[in-house]
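Observations on the model geometry
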Amino acid sequence: MTMSVTPAGRTTRATVEPAAIPEQRRVLAVLVTAQILSGAGMAAGITVGALLAEEMLGTTGLAGLPAALFTSGAALGAMAIGRLSQRWGRRPGLALGYATAATGSVGVVVAGTVDSVPLLFLSLVLYGAGSATNLLARYAGADLAPPERRGRAVSRVLLATTFGAVLGPNLVGVTGDLAHSWAMPRLVGPFLLAAVAYALGGCVLAGWLRPDPLRLARELAERRAASETGDMTGEGAAGPETLPAAGPVMGEDAGGRSAPGVLTGATVMVVGQLVMIAIMTMTPVHMTGHGHSTQAAGLVIALHVGAMFLPSPLSGLLVDRVGRLRVAAVGSAVLLSAGLLAALASPHSLPALATALVLLGLGWNLGLVSATAIITDAVPLDSRAATQGLVDVGVAIAGTTGGLASGLVVAGSGYGCLAAGGGILSLTVIPVLALTTRPRPRPRT
């Protein structure tokens, strides 16, 4: 145990390192396994969702509708999973989310095979629960982590998503051939992979996410509070230094500063999701419309998804060492550069478009990791899961808006206008971050 001094001069106990908590190691191992599987499922809709809608609906203007539908499903899923996790713990909420996504994936396969647009729309909503679950799992990784290591705990869970998410888009051709051999449209092939991946991810969580991290964090917090007030007595009672801190001191972050609050983190996430979904959704349509193959579009999306999750360890380290708000500001600047590069790049230049999408994923990652730490710092355990779910509802709604508007903007003004506008929109988080860093007046006593 070490001691630290806050800017106000108070001495506080430093929390136990997560590596010293066996439960945290097990929780992270199970979450990592489930994320590897679910990442492949999530990538299916990103890669071919817009192309499938364009093929079935016969118009580019509605190509962004699948993204809007499965992000709508993500919003509903985030709300349901957040409330279920608040009451029963992370394990049942996350497992149910993946089971719902697997059902939706099967529905998309059937809808594409029988050419049923209504079934496609309904199935995409169910499929969206997987995206919500995939993102909500990052909070489970932070439940048992002390404040000064939350960024790195979140990053481990997000990093695991990389393997499946990068592999998935590169299997577009293989899964398409498999679907074709079964007398199904090639574009439903990735959803066959998604159904299996989400089902396996749900089974992993349902079977092995024990102890439940949120429930254990609450139990440890209660024991720690009892020990500090002298209620835990007798031989073998754990002292406060042996119990991990469940959260920051009320009103402070890990460094003793005033906690920025939920609104700041939510703003960073919402803007980042809106910009990322809008540009990402229409990039495959933009590429195939200018002569690129589906495999080339899949490669660009694979690089983009890799950039969304692969830099997570670095992002987590920066969040813990440099600060949440500074990393969020850098993420906004990276999103701006991604939008401008995508707008100015030649539609025939695969390297330029790939670079723009890599920057888009990186900017999103920096914003997500920093905002997750901001929100976790600000919310007490007794309302943490419900609040986090509510924030992710807003994030999903932003994705819905971006996905639905992206096709309309491209049809009316072109891809360049969409990309440049998204990049400029990312700068709107800067004033919020600036207001958050302003010193607050001390209350009079």
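These remarks concern the structure in this document. (Residues numbered from 1 in each chain as written. Predicted model: local features only at pLDDT ≥ 70, side-chain atom pairs only at ≥ 80, totals over all residues. Heavy atoms only, no water.)

Description of the overall build of the protein
Scanning the protein from N- to C-terminus turns up 16 helices and two strands. Relative to its 445 residues, the protein shows a buried fraction of 56%. Within the protein, residue pairs in contact and separated by at least 24 positions form 82% of the contacts whose partners lie at least 6 positions apart. Carbon and sulfur atoms make up 66% of the accessible area of the protein, which amounts to about 17,500 Å² in all. (Helix = DSSP H or I, 4+ residues; strand = E, 2+ residues; numbered from the N terminus. Buried < 20%, exposed > 50% of the residue type's maximum accessible area, 1.4 Å probe, protein only. Contact = heavy atoms within 4.5 Å. Areas by Shrake-Rupley, 256 points an atom, 1.4 Å probe, with all protein chains shown as cover.)

Things to note about the pattern of salt bridges
Within the structure shown, the criterion is met by eight salt bridges. Between Asp143 and Arg90 there is a salt bridge whose closest N-O contact spans 2.7 Å. Of this pair, Asp143 sits in the loop between helix 4 (117–142) and helix 5 (150–170) while Arg90 sits in helix 3 (residues 90–114), and the two are 53 residues apart along the sequence. Of the two residues examined, Asp143 and Arg90, each falls in the buried class. Of the charged contacts, one joins Asp143 and Arg384 as a salt bridge, the two residues approaching to 3.7 Å between their closest N and O atoms. Of this pair, Asp143 sits in the loop between helix 4 and helix 5 while Arg384 is found in helix 14 (residues 384–413), placing the two residues 241 residues apart along the sequence. Just as Asp143 is buried, Arg384 falls in that class too. (Salt bridge = Lys/Arg side-chain N within 4 Å of Asp/Glu carboxyl O.)

Focus: the environment of Ser72
Tracing the sequence through the fold places Ser72 in helix 2 (residues 65–88). Separated by 57 residues in sequence, Ser72 and Ala129 place their C-alpha atoms 8.8 Å apart.

Let's talk about the nonpolar core
Formed by 112 residues in total, the largest nonpolar core has its most connected members in Leu31, Leu94, Leu205 and Leu360. Considering every element that reaches this core, the biggest residue donor is helix 13 (residues 350–378), with 14 residues. Residues contacting Leu94, with those up to four places away along its chain left out, are Leu31, Ile81, Thr133, Leu136, Ala137, Ala140, Leu205 and Leu209. (Core = buried A, V, L, I, M, F, W, Y, C linked by side-chain atoms within 4.5 Å.)

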